[in-house]
Amino acid sequence: RSLKLTKSDPSRTVAHVTAPVRIDFFGGWLDTPPIFFSMENAAVVNMAVELDGKNPISCTITKTDLPYIELHQDGSRILIQSDEHLLFMHDQPSEPGALVAACIVALGFKTLSGLFETLQCSGLRIETISDLPHGSGLGTSSIMACTILKAFSAFGGGATEDQIVHTVLCVEQLMTTGGGWQDQCGAVYPGLKTCYYTPNGIRQRPIPLSPRVKELLEDRLLLVYTGKTRLAKNLLQEVIRNFYTCTETQKRLREMAEGVEEF
């Protein structure tokens, strides 16, 4: 499965988007700048997966008559009632609602009035749901950003998969968390694929699966949650430091890049 707009009513007042998560098979960290800029053939092989038979990430945006954004996330209700609040939140990743705020800013909106005028509404109710815990290592934050952006695009002319992948990169830079492009590629494009960077943008090449291999994967893949979170921002800083200072890390990353096609 892939990113899916499952509900958009004719009056364009509600948009509901769901997304799978992604699992890596090969090439983790090769999607991270500056690593992939310095290596030929840098790519990641990953696959979009459902959880218990359904897409576990979702975002619902509803137009309202109230002059603010009402955000429902992780059982909390957050009100964004001013431009100052929106701009304060967007680069504070520990703040509840920061991801939604960063998505709005990445779309070019610095004021609530500008957003509401463009969407032709008085206000918005935004609900984000993840059936997975934070820091699960399955790319949930980046993929949640995909669902938010896709839901916003449903009120306009829509957005291509390539545009969403690129805009999520901008969202993560605005939030100061950094990150690469493999998570959003893993969810936006269906199935198993090789994802890679080109000067014209991020691209993906599907890897066809025989019915037998697909059946084996579905029978044998089991998700186990250890209770230990992996926060991407902390891991990313360590990997980038090692990339610049440790020749062994550089060597192993180059070997990984050279082995993508063989894998």
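Numbering of residues starts from 1 in every chain and runs along the sequence as written. This being a predicted model, a pLDDT of at least 70 is required before a residue's local features are given, and a value of 80 or more before pairs of side-chain atoms are given or counted; all residues contribute to the totals for chains, interfaces and linings. Values shown for side chains rest on all heavy atoms present in the structure; no hydrogens or waters enter the calculation.

- The protein chain goes by GHMP_kinases_N domain-containing protein in an unreviewed UniProt entry, where it is assigned to Caenorhabditis tropicalis.

### Remarks on the packing of aromatic side chains
Remark: the centre distance and the inter-plane angle together describe each pair of aromatic rings, the angle taken between the planes.
Part 1: Think of it this way: a Phe, Tyr or Trp ring, Trp meaning its six-membered ring, pairs with another when their centres are within 6.5 Å, and the plane angle makes it stacked under 30 degrees, edge-to-face over 60, tilted otherwise. Overall, the coordinates contain 6 aromatic pairs when judged by the stated rule.
Part 2: Each ring, one from Phe26 and one from Phe263, has its centre 4.8 Å from the other, and the planes form 15 degrees; the classification is stacked. Here Phe26 is found in strand S3 (residues 21-26), whereas its partner Phe263 is found in the segment after helix H9 (247-258), with 237 residues between them in sequence.
Part 3: The rule is simple: take the accessible area with a 1.4 Å probe, protein chains only, and divide by the maximum for that residue type; under 20% is buried, over 50% is exposed, in between is partly exposed. Taking relative accessible area as the criterion, Phe26 reaches 21% and is therefore assigned partly exposed.
Part 4: Relative to Tyr197, the ring of Phe36 lies with its centre 4.9 Å away and its plane at 45 degrees, an arrangement referred to as tilted. Here Phe36 is found in the loop between S3 and strand S4 (43-49), whereas its partner Tyr197 is found in strand S9 (residues 192-198), with 161 residues between them in sequence.
Part 5: Taking the relative accessible area as the measure of exposure, Phe36 reaches 7% and is therefore buried.
Part 6: Judged by its relative accessible area of 35%, Tyr197 falls in the partly exposed class.
Part 7: Three or more aromatic residues link up through ring pairs in this structure, and these residues are Phe36, Phe37, Trp181 and Tyr197. Strands here mean DSSP runs of E at least two residues long; helices mean DSSP runs of H or I at least four residues long; both are numbered from the N terminus.

### Here's the deal with the side chain of Lys150
Part 1: When you line up the elements, Lys150 lands in helix H4 (residues 140-153).
Part 2: The contact rule is simple, with two residues in contact once any of their heavy atoms fall within 4.5 Å. The residues contacting Lys150, other than those within four sequence positions of it, are Leu3, Leu5, Val17, Ala159 and Ile164.

### Some words on the pairing of strand S10 (residues 201-206)
Part 1: Judged from the 6 bridges that link them, S9 and S10 form a sheet pairing that is antiparallel. In the sheet register, Thr194 faces S10, and the bridge partner there is Arg205.
Part 2: Two strands qualify as a pair provided that DSSP identifies no fewer than 2 bridges between them. Connecting S9 to the next strand, S10, in antiparallel fashion are 2 residues.

### Observations concerning the environment of Ser142
Part 1: As for its placement among the helices and strands, Ser142 is situated in helix H4.
Part 2: You can call Ser142 buried: its relative accessible area is 4%.
Part 3: As a C-alpha pair, Ser142 and Phe88 span 54 residues in sequence and 20 Å in three-dimensional space.
Part 4: Sequence-distant contacts of Ser142, defined by excluding residues within four places in its chain, comprise Val168, Glu172, Asp183 and Gln184.

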